[in-house]
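Observations on the three-dimensional arrangement
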Amino acid sequence: MSTIDLNNPPPNHTLSVAVDREETKGEQAVRLTKDMALFFVAIGFVVAIVYLCYSTVVDATASAEEKKWAMSVLSASAAGLIGYLIRK
């Protein structure tokens, strides 16, 4: 068995030491619950914004300016969704 002198490492080698704490089951449950709650709140906001924009676009009483910004928000939402799905 060979030994390595940590005070004098071989050429072109680096040393690193990491001390990581293990996540307990309780901490994991709290983290996952928080992440899921945040995800569903974000999805709710996105759905609400898309619904409001869509209802503005199809509303006969909405002005042309309102429909214009609603269409740009819908286009940005669609582009973001496509970019997320393609991941490029």
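Up top is the structure these notes are about.
Residues numbered from 1 in each chain as written. Predicted model: local features only at pLDDT ≥ 70, side-chain atom pairs only at ≥ 80, totals over all residues. Heavy atoms only, no water.

Here we take up the overall build of the chain. A tally of helices and strands in the chain yields 2 helices and 0 strands. For 88 residues, the compact-globule estimate of 2.2 N^0.38 gives 12 Å, and the chain exceeds it by more than 25% at 26 Å. The dimensions of the chain, computed from C-alpha atoms along their principal axes, are 80 × 35 × 20 Å. Of the roughly 8200 Å² that the chain leaves accessible, carbon and sulfur atoms contribute 66%. Charge separation in the chain, taken as the distance between the mean sites of 8 positive and 9 negative side-chain charges, equals 7 Å. (Helix = DSSP H or I, 4+ residues; strand = E, 2+ residues; numbered from the N terminus. Rg over C-alpha atoms; globule rule 2.2 N^0.38 Å. Areas by Shrake-Rupley, 256 points an atom, 1.4 Å probe, with all protein chains shown as cover. Lys, Arg positive; Asp, Glu negative; His and termini not counted. Charge placed at Lys NZ, Arg CZ, Asp CG, Glu CD.)

When its volume is computed, the largest pocket comes out at roughly 250 Å³. What lines the largest pocket is simply Phe 39, Ile 43, Val 46, Val 47, Val 50, Leu 74, Ser 77, Ala 78, Gly 80, Leu 81 and Tyr 84. A total of 6 residues in the lining of the largest pocket trace back to one element, the largest contributor, which is helix 2 (residues 64-86). Counted by class, the lining of the largest pocket contains 9 nonpolar, 2 polar and no charged residues. (1 Å grid on protein atoms, 1.4 Å probe; cavity = no way out; pocket = protein on both sides within 12 Å on 5 of 7 lines; lining within 4 Å. Points joined across faces, edges and corners; volume = space filled by probe spheres on them. Nonpolar A, V, L, I, M, F, W, Y, C, P; charged D, E, K, R; others polar.)

As a further point, take the packing of aromatic side chains. Applying the stated criterion across every chain yields a total of 1 aromatic pair. Ring centres of Phe 39 and Phe 40 lie 5.4 Å apart, and the angle between their planes is 70°; this geometry places the pair in the edge-to-face category. Owing to a relative accessible area of 47%, Phe 39 belongs among the partly exposed residues under this scheme. Owing to a relative accessible area of 51%, Phe 40 belongs among the exposed residues under this scheme. One cation-aromatic arrangement involves Arg 87 over Tyr 84; the distance from NZ or CZ to the ring centre is 5.0 Å. (Phe/Tyr/Trp six-rings, centres within 6.5 Å; stacked < 30°, edge-to-face > 60°. Buried < 20%, exposed > 50% of the residue type's maximum accessible area, 1.4 Å probe, protein only. Lys NZ or Arg CZ within 6 Å of the ring centre and 35° of its normal.)

On to the environment of Glu 23. With respect to the helices and strands, the residue Glu 23 is situated in the segment before helix 1 (25-58). The exposure class of Glu 23 is partly exposed, given its relative accessible area of 41%. Filtering out sequence-adjacent residues up to four positions away, Glu 23 remains in contact with Gln 28 and Arg 31. A polar contact is formed between the side chain of Glu 23 and the side chain of Arg 31, at a distance of 2.8 Å. (Contact = heavy atoms within 4.5 Å. Polar contact = N/O pair within 3.5 Å; in protein donor to acceptor, adjacent residues only side chain to side chain.)

With that settled, consider unusual backbone geometry. Even without glycine at this site, Asn 12 takes up a positive phi of about 60°. Structurally, the position occupied by Asn 12 is in the segment before helix 1.

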